[in-house]
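The residues making up each chain are set out below.
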Amino acid sequence: GYPLSLCNDNCQAGYSKRKKEGKPFCCYDCFPCPEGKISNHKDADTCYSCLINQYPNPQRHSCIPKTFTFLSLKESLGMSLAVLALFFSFLTTLVLWLFIKHRDLAIVKANNRSLTYLLLVALLLSFICALLFIGPPEKITCFLRQTAFGIIFSLAVSCILAKTIIVVLAFMATKPGSKIRKWLGKRLAYSIVLFCLLIQIIICATWLTTAPPYPDADVYSLNTEIILECNEGSSTMFYCVLGFMGFLAIVSFTVAFLARKLPDSFNEAKFITFSMLIFCSVWLSFIPSYLSTKGKYMVAGEIFSILTSSFGLLGCIFFPKCFIIFMKPDLKFRTTLTRRNQ
């Protein structure tokens, strides 16, 4: 046959050879390996794929191990979200301390003081809960993340629902001959909170016993990285938890909207209406972003939604009251309709 030099050079690594039609066997063309494949020696007949946890280098002649990725405290995104969560936790603790210190003021007593404390504790826990989402997924954190978030948020929203229902009933109880007065009091408020919380606990318990979340590695979504994540176990149960929270928020919004013009100097309904509007908007925008993003950005999106919606509740409901405590001393001691019904 012909000497090699008369026909063509060798095909280098990163290429595969293909015989030229009608030419002697030693004559062939060299073609670059297709996307995702390599050849690691000269005159390779075919290119082959890397292992599942590797990817080809730019020259396509060797495989590089994929790196692991998750939302870490060591990177700016994880660190800034953690700092934000801790700052909001501190702010909530400050508001709780302020309300306990001024517990005898009419504005604190209005709309059920014990429910107010419970709501602030729930908001504090929701900010702390966001920290569970930062760091490498482990069995215990995956187990707790979504269920803790679901139960804590349901507690917060059911407190708001109970507060709003009490406002409406308190107003109705002032009408002559009303039998509603006997229903008012802490027992009704706690019953509403307990009932709503119990439903969410049952949903979460069903999730954890049938298909609990677990640590997982997604090797397919990104070309150069392996995503370490918590697999939800059952997406249906995750959306049931979110759906029940959404249902509570919509009911709270509706009741608050109807009660917003009731004559009461400390009627929270206007603030609750706005806070529920923010809450629903945040979580409605979270779902498409949850479905469309992968890896640490999806986790960061959920943390951001938790922090934003919790801060929306804290800001709308409590900051106006804090303003009155500090700036409007004449309003502090005004007797109110709801004060008489506590």
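All of these numbers come straight from a predicted model, not from anything done at the bench.

This part covers the overall build of the protein. Broken down by element type, the protein carries 11 helices and 9 strands. Counting across all 342 residues of the protein, residues that qualify as buried make up 46%. Partitioning the contacts of the protein with sequence separation of at least 6, the portion at a separation of at least 24 is 66%. Here the protein has roughly 17800 Å² of accessible surface; of this, 66% comes from carbon and sulfur atoms.

Under the feature "transmembrane region" (unreviewed entry), the UniProt entry names residues 77-100, 115-135, 147-172, 188-208, 236-259, 271-291 and 303-326. For the annotated span residues 188-208, helix accounts for 100% and strand for 0% of the residues, and the straight-line distance between the end C-alpha atoms is 30 Å. Annotated as residues 236-259, this span is 100% helix and 0% strand, and its ends, taken at the C-alpha atoms, are 34 Å apart.

Right, let's get into unusual backbone geometry. Notably, D43 is not glycine yet its phi reads approximately 55 degrees, a positive angle. Summarising the element assignment, D43 is placed in the loop between β3 (37-38) and β4 (48-49). Take D43: its relative accessible area is 18%, and that puts it in the buried class. Here R60, not a glycine, exhibits a phi torsion of approximately 60 degrees, which is positive.

Taking 1.5 Å per residue, 17 residues should reach 24 Å; helix α4 (residues 113-129) reaches 24 Å between its end C-alpha atoms and fits that length. Those residues of α4 not exposed but buried are S114, L115, T116, L119, L120, A122, L123, L124, S126, F127 and C129.

Let us look at the environment of C27. Relative to the elements of secondary structure, C27 occurs in the loop between β1 (15-19) and β2 (28-32). C-alpha of C27 to C-alpha of K17: the two residues are 10 residues apart in sequence and 9.5 Å apart in space. Excluding anything up to four places from it in sequence, C27 contacts C7, N8, K19 and K20.

Next up on the list: helix α9 (residues 296-327). Side chains of residues three or four places apart in an α-helix project in the same direction, reflecting 3.6 residues per turn. End to end, α9 covers 43 Å across 32 residues, agreeing with the expected 46 Å (1.5 Å per residue, within 8%). At F318, α9 shows its largest kink, close to 40 degrees, and the proline P320 lies no more than four residues downstream.

Turning next to the packing of aromatic side chains. What characterises a pair of aromatic rings is the spacing of the ring centres plus the angle enclosed by the ring planes. Applying the stated criterion to the full structure yields 14 aromatic pairs. On the numbers, 5.9 Å between centres and 85 degrees between planes, the contact of F153 with W283 is edge-to-face. One end of the pair, F153, is in helix α5 (residues 139-173); the other, W283, is in helix α8 (residues 269-292), and 130 residues separate them in sequence. For W283, a relative accessible area of 8% gives the class buried. On the basis of an interplanar angle of 55 degrees and a centroid distance of 5.4 Å, the ring pair of F238 and Y239 is categorised as tilted.

It is worth spelling out the side chain of T147 at this point. Of note, T147 is situated in helix α5. The residues touching T147, leaving out its near neighbours within four places in the chain, are C204, W207 and L208.

Before going further, it helps to spend a moment on the confidence of the model for the protein. Mean pLDDT over the protein works out to 82, with 86% of the residues at or above the 70 mark. Of all helices and strands in the protein, the one with the weakest mean pLDDT is helix α11 (residues 337-340) (41), whereas helix α2 (residues 76-101) scores best (92). In the model, residues 1-5 has pLDDT below 50 throughout and makes 3 contacts with residues more than four positions away in sequence or in other chains. Confidence drops under a pLDDT of 50 for residues 335-342, and excluding neighbours within four residues, the segment shows 24 contacts in the predicted structure.

A few words now on the sheet that holds strand β9 (residues 225-231). Pairing is mixed in the open sheet, where 3 strands are placed in the order β7-β9-β8. Strand pairing shows two members of the sheet lacking a second neighbour, β7 (67-69) and β8 (214-218), which therefore form its edges. Here the average twist between neighbouring strands, direction ignored, is 30 degrees.

Rules used throughout
Position numbers for residues count from 1 along each chain, tracking the sequence in the order it is written. Predicted model: local features are reported for residues with pLDDT of at least 70 only, side-chain atom pairs are reported and counted for 80 or more only, and whole-chain, interface and lining totals are derived from all residues. Values reported for side chains reflect all heavy atoms of the structure, with hydrogen atoms and water molecules removed beforehand. In this description a helix means any DSSP run of H or I spanning at least four residues, a strand means any run of E spanning at least two, and both kinds are numbered starting from the N terminus. Each residue gets one of three labels from its accessible area relative to the maximum for its type: buried under 20%, exposed over 50%, partly exposed in between, using a 1.4 Å probe on protein chains only. Here, residues are in contact when the closest pair of their heavy atoms is within 4.5 Å. Each accessible area value is a Shrake-Rupley result obtained with a 1.4 Å probe; residue values ignore everything except the protein chains displayed when judging cover. UniProt positions are given in the numbering used here, feature names are shortened, and annotations may be inferred rather than shown by experiment. Take the number of residues in a helix, subtract one, and multiply by 1.5 Å to get its expected span. The seven residues ending at a residue and the seven starting there each receive a fitted axis; the angle between those axes is the bend at that residue. Between rings of Phe, Tyr and Trp, where Trp is taken as its six-membered ring, a pair exists when centres lie within 6.5 Å; planes separated by under 30 degrees are stacked, by over 60 edge-to-face, and by other angles tilted. Confidence of the predictor in every single residue is expressed as pLDDT, which spans 0 to 100. In this description, strands pair whenever DSSP reports at least two bridges between them. Only the stretch in contact is used when a helix axis is fitted, and all axes are lines through C-alpha atoms; the angle between N-to-C directions ranges over 0 to 180 degrees.

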